[in-house]
Amino acid sequence: MRYNSPLADLPVEFVGSFPDPTHRLTPVLPEVVTLGRSNVGKSSLLNAIFDRPLAKVSGSPGRTALLNVFRLPTLYLLDLPGYGYAKVSHSERARYGRLVKTLIEQRTTITGVLWLLDIRHEPSVDDLAYAQQMEKRQLPILVALTKADKLPHGQRLSRLETIARQVGLPEDQVQLTSCLSGLGIVELGESILAVANPSEAT
Ligand code: GDP
């Protein structure tokens with residue numbers, strides 16, 4: 001389905017999957033990280049924003065700690081596998097945690113983070129830990145609240161307020177989204193482009 005996202009017509013090239021979160025990319029371009037719990041709706045949302053299947057829905061989510069890199073004309077998208085998958089081993093979970101920590105602390109080329117949270121669920125322990133790390137580095141974060149269509153209209157804004165408070169972000173950094181209705185898809189596309197070109201942001 002087309003939602004007129006500004007990223008829909010841009011060329012996107014898969015650069016590769018890298019186990020090292022500090023892997024250098026050339027040329028250097030602004031980088032936007034996408035992360036969220038497994039099953040949060042990340043593949044669906046990326047597919048809607050880019051209007052094409054970007055990230056293949058994995059059969060065993062969360063099993064590999066790899067940085068998946070896509071290149072757009074003006075930026076890289078660094079897509080992290082979903083976290084919090086129940087069947088992942090303790091060591092794999094720890095490996096993933098280290099990947100994110102190192103990425104956030106050491107990757108100086110990151111210009112923004114698109115962080116996905118399911119509108120129906122309370123942020124998990126992992127969610128809050130990553131939020132704290134990102135805020136410590138003062139990375140610009142945009143939260144996409146996914147699957148907003150699953151709640152009646154009247155409950156969406158109050159969930160937005162609650163989740164914004166829980167993760168310690170202003171409400172204008174939290175966006176309601178739905179891949180079914182297209183809610184918030186254009187706004188997310190615009191935000192990704194704006195984060196990569198801060199001087200052009202209004
Ligand atoms: P990922 O594991 O984060 O990549 O999640 P997926 O994109 O695979 O989505 C997980 C499940 O949520 C799938 O069954 C999707 O169809 C469903 N889903 C994703 N986005 C939405 C949405 O906006 N609305 C609804 N109702 N379901 C969604």
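Scroll up to find the structure.
All chains use their own residue numbering, which begins from 1 and follows the written sequence. Thresholds applied to this predicted model are a pLDDT of at least 70 for local features of residues and 80 or more for the giving and counting of side-chain atom pairs; totals over whole chains, interfaces and linings are not thresholded and use all residues. Neither water nor hydrogens contribute to the side-chain values; these are computed over all heavy atoms in the structure.

J.: Whenever I open this one, helix H4 (residues 153–167) confuses me. Can you help?
T.: Each turn of an α-helix holds 3.6 residues, which means side chains three or four residues apart point in the same direction. Taking 1.5 Å as the rise per residue, H4 with 15 residues should run 21 Å; its terminal C-alpha atoms sit 22 Å apart, in good agreement. Among all positions of H4, only Arg 156, Arg 159, Leu 160, Ile 163, Ala 164 and Val 167 are buried. Mapping the buried residues of H4 onto a view down its axis gives an arc of 130°, with all of them on the same face. Those residues of H4 that are exposed and aimed more than 90 degrees away from the buried face are Gly 154, Leu 157 and Arg 165. Every residue pair with non-hydrogen atoms within 4.5 Å of one another is taken to be in contact. Counting from the N terminus, the helices are DSSP H or I runs at least four residues long and the strands are E runs at least two residues long. In this structure, the buried side of H4 is in contact with strand E5 (110–118), helix H3 (125–136), strand E6 (141–146) and strand E7 (174–176). Residue Gly 168 follows H4 closely and has a positive phi angle near 70°. Expected span, for any helix, means 1.5 Å times one less than how many residues it has. Only protein chains enter the area calculation, which uses a 1.4 Å probe; residues under 20% of their type maximum are buried, those over 50% are exposed, and those in between are partly exposed. What the arc covers is the set of directions going from the helix axis to the C-beta atoms.

J.: Teacher, can you tell me more about empty space enclosed by the protein here?
T.: By rolling a water-sized probe across the atoms, one finds the places where empty space is left. Definitions used throughout: a 1 Å grid over protein atoms alone; a cavity as a set of points that fits a 1.4 Å probe which cannot get out; a pocket as an open set with protein on both sides within 12 Å along at least five of seven lines; a lining residue as one with an atom within 4 Å of a point. Grid points are joined across faces, edges and corners, and a volume is the space filled by probe spheres set on the points. Taken as a whole, this structure holds 1 cavity of 30 Å³ or more when the rule is applied. Quantified by volume, the largest cavity comes out at close to 30 Å³. Around the largest cavity sit Val 33, Leu 35, Leu 80, Leu 103, Ile 104, Ile 110, Val 113 and Met 134, which together line it. Elements with a minimum of two residues in the lining of the largest cavity: strand E2 (31–36), helix H2 (90–106) and E5. Here the residues of the lining of the largest cavity are counted per class, giving 8 nonpolar, no polar and no charged. In this count, Pro and Cys sit with the nonpolar residues alongside Ala, Val, Leu, Ile, Met, Phe, Trp and Tyr, while Asp, Glu, Lys and Arg are called charged and the others, Gly among them, polar.

J.: Could you clarify how one ought to interpret the pattern of salt bridges in this entry?
T.: Where side chains of opposite charge bring their charged atoms close, a pairing between them can arise. Definition used for salt bridges: Asp or Glu carboxyl oxygen within 4 Å of a side-chain nitrogen of Lys or Arg. Applying the stated criterion to the full structure yields 8 salt bridges. Linking Asp 118 and Lys 147 is a salt bridge whose minimum nitrogen-to-oxygen distance equals 3.8 Å. Here the residue Asp 118 occupies a position in strand E5, and Lys 147 occupies one in the loop between E6 and H4, the gap between them amounting to 29 residues. In this structure Asp 118 comes out as buried when scored by relative accessible area, which is 7%. Several salt bridges share partner residues, and in doing so they unite Asp 118, Arg 120 and Lys 147 into one network.

J.: Explanation requested: the packing of aromatic side chains in the structure shown.
T.: For Phe, Tyr and Trp, rings pair up if their centres lie within 6.5 Å, where Trp contributes its six-membered ring, and each pair is then called stacked (planes under 30 degrees apart), edge-to-face (over 60) or tilted (otherwise). One pass over the structure, following the stated rule, counts 4 aromatic pairs. For the ring pair Phe 14 and Phe 70, a centre distance of 5.3 Å and an interplane angle of 55° mean the geometry is tilted. Here the residue Phe 14 occupies a position in strand E1 (residues 13–18), and Phe 70 occupies one in strand E3 (residues 67–71), the gap between them amounting to 56 residues. We classify Phe 70 as buried; its relative accessible area is 6%. Judged by centre distance (4.8 Å) and plane angle (70°), the ring pair of Tyr 83 and Tyr 130 falls under edge-to-face. One end of the pair, Tyr 83, is in the loop between strand E4 (76–79) and H2; the other, Tyr 130, is in helix H3, and 47 residues separate them in sequence. Side by side, Tyr 83 and Tyr 130 carry an identical accessibility label, which is buried.

J.: Just to check I follow, could you spell out the site of the ligand for this structure?
T.: The cutoff for a nearby residue is simple: one of its non-hydrogen atoms must lie within 4 Å of the molecule or strand. Taken together, 15 residues surround the ligand, and among them Lys 42, Ser 43, Ser 44, Asp 149 and Cys 179 come closest. As used in this structure description, the phrase polar contact means that two N or O atoms lie within 3.5 Å; if the pair is within protein, one of them must be able to donate a hydrogen and the other to accept it, and residues adjacent in sequence are counted only when both atoms belong to side chains. Measuring from an oxygen atom of the ligand, one finds a backbone N or O atom of Lys 42 at 2.8 Å. One of the side-chain N or O atoms of Asp 149 is found 2.7 Å from a nitrogen atom in the ligand. Of the residues belonging to the shell around the ligand, the class tally is 4 nonpolar, 6 polar and 5 charged.

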